[in-house]
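So you can see what is in the structure, the chains are spelled out below.
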Amino acid sequence: MNILVTGGTGYIGSHTAVELLNEGYGVILLDNFSNSKPEVINRIKRITGKDFRSYNIDLLDKKRLGKVFEENQLDAVIHFAGFKAVGESVANPIKYYQNNVVGTLVLCETMSRYSVKKLVFSSSATVYGTDNNSPLTEDMTLSTNNPYGSSKMIIEMILRDLYYSDREWRVSILRYFNPIGAHESGLIGEDPNGEPNNLMPYITQVAVGTRNKLTIFGNDYPTHDGTGIRDYIHVVDLAKGHIKALERVLVEPCIDVFNLGTGIGYSVLDLIRHFEESTGIKIPFVLSGRRPGDVAVCYANPEKAAKTLNWKAEKDIHDMCRDSWRWQSKNPDGYKLV
Ligand code: WQD
């Protein structure tokens, strides 16, 4: 079985490529390296001892994308490629809709043309918006308050329409909560461009000395300690969830959506404490006002994925903190100096 992984050198894409290769799947990796480094390819090969083809292609390049389908016997696609910075999307919505939505349309059109109609799509819990109360379930009404989240919601709608127009399509939509952690080798991990938007990479950059201190966005939320609560999930658990979703689309005519979360919420202060306990490193922080668009509490009801995909997260918050730190301490500047 050959699987095309778009965005395969990204944080979640690279971890999923490792799990696919470990499971004996053939991988064809596609990335435009707009938010990742080619070095990741070497790291995936080092971890797995497996070889695979990779293409430096933008999904908007219809002609070159078609060649990938001509040159490879593809059985399914796992689609990660997309921009994912909420703040950037607010500042530059057209860039996000063009890249995320139009890119997905070109991909689906090409898949259809080559009769490859099995797809696992990388969506996000951000589509639950600010009006739903946790634990979040897949049947809740969706709403978004930023172009990044809207691009994910629009793509989910496109995939549903595609399925109902042609039942040969088999689609699994995966809504991620907050992926953190890294492969146990410390060879691959989260490597944000510039100043991190997300909490854990900021913490690890403080720990490794790249940043002086963490700023906590708001300590007046209605939570046990006033700071925001999120459902942190180990990126390897998330990757394994993609394998389960892939197995489903390979055999079942379906379209379905699944939460990939642990169902456990931790606050910002909880995460800092667990990181300090797991690594022995103190994380200095200052308190600041709330970040626009943030919700107080967001965590999954993961029961549907457990029941239908026979998948549940296995790694705990200690594993996540320890593995995030191993990656950052072994790669203080991410992949940058390579
Ligand atoms: C977590 C908590 C912040 C940074 C985002 C995207 C979402 C998904 C995951 C792609 C919040 C607090 C953070 C900092 C802080 N991405 N925080 N100081 O916002 O839950 O989700 O990433 O799919 O779409 O929205 O994750 O890590 O940014 O924030 O206090 O420097 O940490 O306020 O409570 P978030 P996050």
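Summary of the structure given here. What you see is a predicted model, and the numbers here were worked out from it, not measured in a lab.

## Brief notes about the packing of aromatic side chains
Applying the stated criterion to the full structure yields 6 aromatic pairs. Look at F275 and W325: their rings are 6.3 Å apart centre to centre, the planes differ by 85°, and that puts the pair in the edge-to-face class. Separated by 50 residues along the polypeptide, F275 in helix α9 (residues 268–279) and W325 in helix α11 (residues 317–330) bring together distant segments of the chain. Between K45 and the ring centre of F52, over which it is positioned, the NZ or CZ distance is 5.2 Å. A cation over an aromatic ring shows up here: R211 above the ring of Y202, its NZ or CZ 5.9 Å from the ring centre.

## Thoughts on the sheet that holds strand β9 (residues 229–230)
Sheets are built from strands that pair by backbone hydrogen bonding, the pairs being arranged parallel or antiparallel. Reading across from one edge, β12-β9-β14 is the order of the 3 strands in this open sheet, with mixed pairing throughout. In this open sheet, the two strands that pair with only one neighbour each are β12 (266–267) and β14 (297–298). Strand direction decides the pairing type here: β9 and β12, joined by 2 bridges, are antiparallel. Bridge assignment links I229 to a residue of β12, and that residue is S267.

## So, the sheet that holds strand β2 (residues 26–31)
Spatially, β3-β2-β1-β4-β5-β6-β11 is the arrangement adopted by the 7 strands of the open sheet, whose pairing is parallel. Unpaired on one side and paired on the other, β3 (53–56) and β11 (255–260) mark the two borders of the sheet. On average, each strand axis in the sheet is tilted by 20° relative to the strand beside it, whichever way the strands run. Relative to β11, strand β6 (residues 170–176) runs parallel, the two being bridged by 6 bridges. Counted as the bridge partner of I173 is V257 from β11. In the packing of helix α3 (residues 62–71) onto the sheet, the strands contacted are β1 (2–6), β2, β3 and β4 (76–79), and the crossing angle to β3 comes to about 170°.

## Overview of the site of the ligand
Around the ligand sit 19 residues in total, of which Y148, L199, T215, R230 and D294 are the nearest. The contact in question runs from an oxygen atom of the ligand to an N or O atom on the side chain of N198, over 3.0 Å. In the environment of the ligand, a nitrogen atom lies 2.8 Å from a nitrogen or oxygen atom belonging to the backbone of T215. Protein contacts shield 89% of the accessible area of the ligand, which totals 680 Å² for the unbound molecule. When contributions to the shell around the ligand are tallied by element, the ones reaching two or more residues are α7 (199–208) and β8 (214–217). It is β8 that provides the largest number of residues to the shell around the ligand, a total of 4 residues.

## Describing the side chain of T227
Residue position: T227 is located in the loop between β8 and β9. T227 gets classed as buried once you look at its relative accessible area, which sits at 0%. A distance of 3.4 Å separates polar atoms of two side chains, one belonging to T227 and the other to S267. Polar contacts involving the side chain of T227 include one to the main-chain amide nitrogen of L269, which spans 3.4 Å. If we ignore the near neighbours within four places in the chain, the residues touching T227 are I216, G218, N219, Y221, S267, V268 and L269.

## Looking at unusual backbone geometry
For residues besides glycine, phi is generally negative; the peptide bonds are generally trans as well. Here the residue pair S134 and P135 is connected by a cis peptide bond, since its omega of 5° sits within 30 degrees of zero. Note that P135 resides in the loop between β5 (118–124) and α6 (147–165). Unlike most non-glycine residues, S115 shows phi in positive territory, near 55°. Of note, S115 is situated in the loop between α5 (93–113) and β5. By relative accessible area, which is 59% here, S115 ends up exposed.

## Focus: empty space enclosed by the protein
Inspection of every chain in the model, using the stated rule, returns 1 cavity of 30 Å³ or more. If you add up the space inside the largest cavity, you get close to 60 Å³. Lining of the largest cavity is provided by Y11, I180, G181, E190, M200, P201, T204, S324, W327 and Q328. Those elements that provide at least two residues to the lining of the largest cavity are α7 and α11. Its residues placed into classes, the lining of the largest cavity shows 5 nonpolar, 4 polar and 1 charged.

What counts and what doesn't
- Residues numbered from 1 in each chain as written.
- Predicted model: local features only at pLDDT ≥ 70, side-chain atom pairs only at ≥ 80, totals over all residues.
- Heavy atoms only, no water.
- Phe/Tyr/Trp six-rings, centres within 6.5 Å; stacked < 30°, edge-to-face > 60°.
- Helix = DSSP H or I, 4+ residues; strand = E, 2+ residues; numbered from the N terminus.
- Lys NZ or Arg CZ within 6 Å of the ring centre and 35° of its normal.
- Pairing = 2+ DSSP bridges.
- Axes fitted to C-alpha atoms, helices over the stretch in contact; angles between N-to-C directions.
- Contact = heavy atoms within 4.5 Å.
- Near = heavy atom within 4 Å.
- Polar contact = N/O pair within 3.5 Å; in protein donor to acceptor, adjacent residues only side chain to side chain.
- Areas by Shrake-Rupley, 256 points an atom, 1.4 Å probe, with all protein chains shown as cover.
- Buried < 20%, exposed > 50% of the residue type's maximum accessible area, 1.4 Å probe, protein only.
- 1 Å grid on protein atoms, 1.4 Å probe; cavity = no way out; pocket = protein on both sides within 12 Å on 5 of 7 lines; lining within 4 Å.
- Points joined across faces, edges and corners; volume = space filled by probe spheres on them.
- Nonpolar A, V, L, I, M, F, W, Y, C, P; charged D, E, K, R; others polar.

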